[in-house]
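# Descriptive structure summary
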Amino acid sequence: NAQGDYLTPQYGPMPAGEAQSVLRGLKPHPWPADYKAVTAFLEKQSASNTNIQTVWLSHGLDEGGAKPLMSALQKQGGLRYISPSPEKLPLLLRPSKKTNRKGDLPSDIRIAVDAPADIPPKTPVTVQVSAKGGNILDARVEELVADDLPQTVFFDIADAFKDNITRFDIAGRKSAGGSYILDDQFKKRSIGIASPAGEESSAPLIEASYYIKRAVEPFGDITTGTIGELIDAKSSVIILADVAAMPTETLNMLEKWVKDGGLLLRFSGPNMAGSTQTQILTPVPLRSGGRALSGSLSWDKPQRIAPFDQNSPFYGLDIPNEVTIKQQVLADPTHDMEGKVWARLEDGTPFITAAPMDKGLIVLVHTTANTDWSDFALSGLYVQVLKRIIYLAGSSSGITSAHGFTALDPLLVMDGFGAMIPPGPQVQPLPAGEYEETIPSANDIFIQTVNNKDNGK
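Being a predicted model, the structure only gives us computed values, none of them experimental. What you see as residue numbers is a count from 1 along each chain, following the sequence as written. Since the coordinates come from a predicted model, pLDDT governs what is reported: local features require at least 70, and pairs of side-chain atoms require 80 or more to be given and counted, while whole-chain, interface and lining totals use all residues. Note: side-chain values were computed over all heavy atoms of the structure, leaving out hydrogens and water.

### Re the overall build of the chain
Secondary structure elements are defined from DSSP: runs of H or I of at least 4 residues count as helices, runs of E of at least 2 residues count as strands, and each element is numbered from the N terminus. Of the regular secondary structure elements, the chain holds 9 helices and 24 strands. Relative to its full complement of 457 residues, the chain shows a buried share of 42%. Long-range contacts, defined as pairs at least 24 residues apart, comprise 67% of the intrachain contacts of the chain with a sequence gap of at least 6. To measure how exposed things are, a 1.4 Å probe is used in the Shrake-Rupley method; for residues, cover is taken only from the protein chains shown. When the accessible area of the chain is evaluated, it comes to approximately 23800 Å², of which 51% is carbon and sulfur surface. Note on exposure labels: buried denotes an accessible area under 20% of the residue type's maximum, exposed denotes more than 50%, and partly exposed covers the range between, all computed with a 1.4 Å probe on protein chains only. Residue contacts are defined here by distance: any two heavy atoms, one from each residue, within 4.5 Å place the two residues in contact.

So this is what it looks like as structure tokens:
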């Protein structure tokens, strides 16, 4: 692919000097080769082209469709296929899910190195972990073992520097596959789970805290305590499970913390439903009394969660059929709900609402954090939803705008050498609900996105 253009230009016969100049200007692009497209192009050409000698400079990997392309090229006159020697075959960095083995470093900072099956035994590879600005925090030399691929590399990084990590690279191999960029999702949030004092510290609240802790502990460093203690601990997220009334001093302290950039996640429950006071620090006004299967505000059967729309930060998540909601706290429908509803039940009533407050954000789940009112806390969806909420900490106001989650605009893109560069005019936004499945291509030019919204890759 030619430098400066995402669509490869076609060159006709030219003098050797001019051809060498073109070759020097070629650069790789960070997406898989589309051999099928090239084969289809060749098949449309005139059958009289039988005197073309082709030189294929291959990367040595089988991406599918190579044999039909070879056959089409040979029909044109001849093919010379050149591939790297086995020790120079491309390597790939990918996330590692392995735990520490005996003899490994006692560290949770790790990356996996993958390689073709015919890589020579004990091929040495150096993997570096870097901070912002390119400072190398650690480097490890590993010998690749074919039976252990993808092979996990562990790093020895002090806790104080873990949040500074921005990327992993394979030293001496500048490529998109040999680089792995980390965004804010890698950084663990400081999560505070409030433990109210006094009569509110009942068994259901303790149980709710247990469900919350189990769901969010992979994504943050958890602290429990009173609201004041959590604020003093500089928590980036504070979670309240069915906390209704609060002392005025605590309420004012919590409001200031949110306005300064904190993310307040609240769950409903009997305390909120039974409170006769106007609820403060909620995304939307609430109606008194909880809607249940029996009662003055009731419905005939448990409700399922409706599919998330494109404006929701949960867009793209699968909703298990077995998750049902038996009871909820209702939002007051008379107030403006534009952009504040992130999830609904199938009958259209809000299930999760959110609203910015100055630099911070308030999110409310309209059911309990435990299993008293729903099966939500027993599902994998519970973990996924809380994960996406937690990762919004620090995103500031404006993230609940009407189109805030439809697409992710790239701030930087990765070129074929693994360098981060400004996006060109051809680079398109990445659909928010498709980022986990999207494969970069020359057609869509969906390239690695660096963004503090729930971007992933």
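### Notes on the pattern of salt bridges
Salt bridges are counted wherever a side-chain nitrogen of Lys or Arg sits within 4 Å of a carboxyl oxygen of Asp or Glu. Inspection of every chain in the model, using the stated rule, returns 6 salt bridges. In this structure, aspartate 169 and arginine 167 form a salt bridge, with 2.8 Å as the shortest nitrogen-oxygen distance. This pair shows no difference in class: aspartate 169 is buried, exactly as arginine 167 is.

### Quick notes on the sheet that holds strand 7 (residues 151–154)
By this definition, two strands are paired if DSSP reports at least two bridges between them. With respect to topology, 3 strands assemble into an open sheet ordered 3-4-7, the strand pairing being antiparallel. The outermost strands of the open sheet, each flanked by one partner alone, are strand 3 (92–94) and strand 7. Strand-to-strand twist across the sheet, computed as the mean angle between neighbouring axes with direction ignored, equals 35°. The pairing of strand 4 (residues 110–114) with strand 7 spans 4 bridges and is classified as antiparallel. If you follow alanine 112 over to strand 7, its bridge partner there is threonine 152. The axes used here are C-alpha line fits, helices contributing only the stretch in contact, and every angle between their N-to-C directions lies in the interval 0 to 180 degrees.

### Re the environment of proline 120
Looking at where proline 120 falls in the secondary structure, it is placed in the loop between strand 4 and strand 5 (123–131). A C-alpha to C-alpha distance of 9.8 Å links proline 120 and serine 85, two positions 35 residues apart in sequence. Ignoring any residue separated from it by four or fewer positions in sequence, one finds proline 120 in contact with Pro86 and Glu87.

### Some words on the sheet that holds strand 5
Reading across the sheet, the 4 strands line up as 6-5-8-9 and stay open at both edges, with antiparallel pairing between neighbours. Each end of this open sheet is capped by a strand with a single partner; those strands are strand 6 (136–144) and strand 9 (179–181). For this sheet, the mean inter-axis angle between neighbouring strands, taken without regard to orientation, is 15°. Summarising the sheet, strand 8 (residues 165–170) and strand 9 pair through 3 bridges and their orientation is antiparallel. Looking at the pairing, arginine 167 lines up with isoleucine 181 of strand 9.

### A few points about the packing of helix 2 (residues 35–43) against helix 3 (residues 66–75)
Between helix 2 and helix 3, whose axes approach to 9 Å, the crossing angle comes to 25°. Considering their axes alone, helix 2 and helix 3 lie roughly parallel with respect to each other. Like other packed secondary-structure pairs, helix 2 and helix 3 cross with a definite hand, here left-handed. Counting all contacts with helix 2, which are made through Tyr35, Val38, Thr39 and Leu42, the residues of helix 3 involved are Ala66, Pro68, Leu69, Ala72 and Leu73. Each angle gets one of four labels, with under 35 degrees taken as roughly parallel, over 145 as roughly antiparallel, 65 to 115 as roughly perpendicular, and the rest as oblique. Note on convention: the crossing is left-handed when the near helix lies turned anticlockwise from the far helix by less than a right angle, right-handed when the turn is clockwise.

### Description of the pairing of strand 20 (residues 360–365)
Among the 6 residues in strand 20, 6 count as buried, and that is most of the element. Here strand 20 shows no split at all, with Gly360, Ile362 and Leu364 on one side and Leu361, Val363 and Val365 on the other all buried. Pairing of strand 13 (residues 263–267) with strand 20 involves 5 bridges; the strand directions are parallel. Within strand 20, the position partnered with leucine 265 by the bridge is valine 363. The loop that links strand 19 (residues 350–357) with its antiparallel partner strand 20 comprises 2 residues; one of these, aspartate 358, has a positive phi angle of about 55°.

### Some points on unusual backbone geometry
Backbone torsion omega between leucine 149 and proline 150 reads -10°, so that peptide bond is classified as cis. Topologically, proline 150 is positioned in the loop between strand 6 and strand 7. In this structure, lysine 122 is a non-glycine residue whose phi angle is positive, near 60°. As for its position among the elements, lysine 122 is in the loop between strand 4 and strand 5. Exposure remark for lysine 122: the relative accessible area of 58% places this residue in the exposed category. Phi is positive for aspartate 242, close to 55°, though the residue is something other than glycine.

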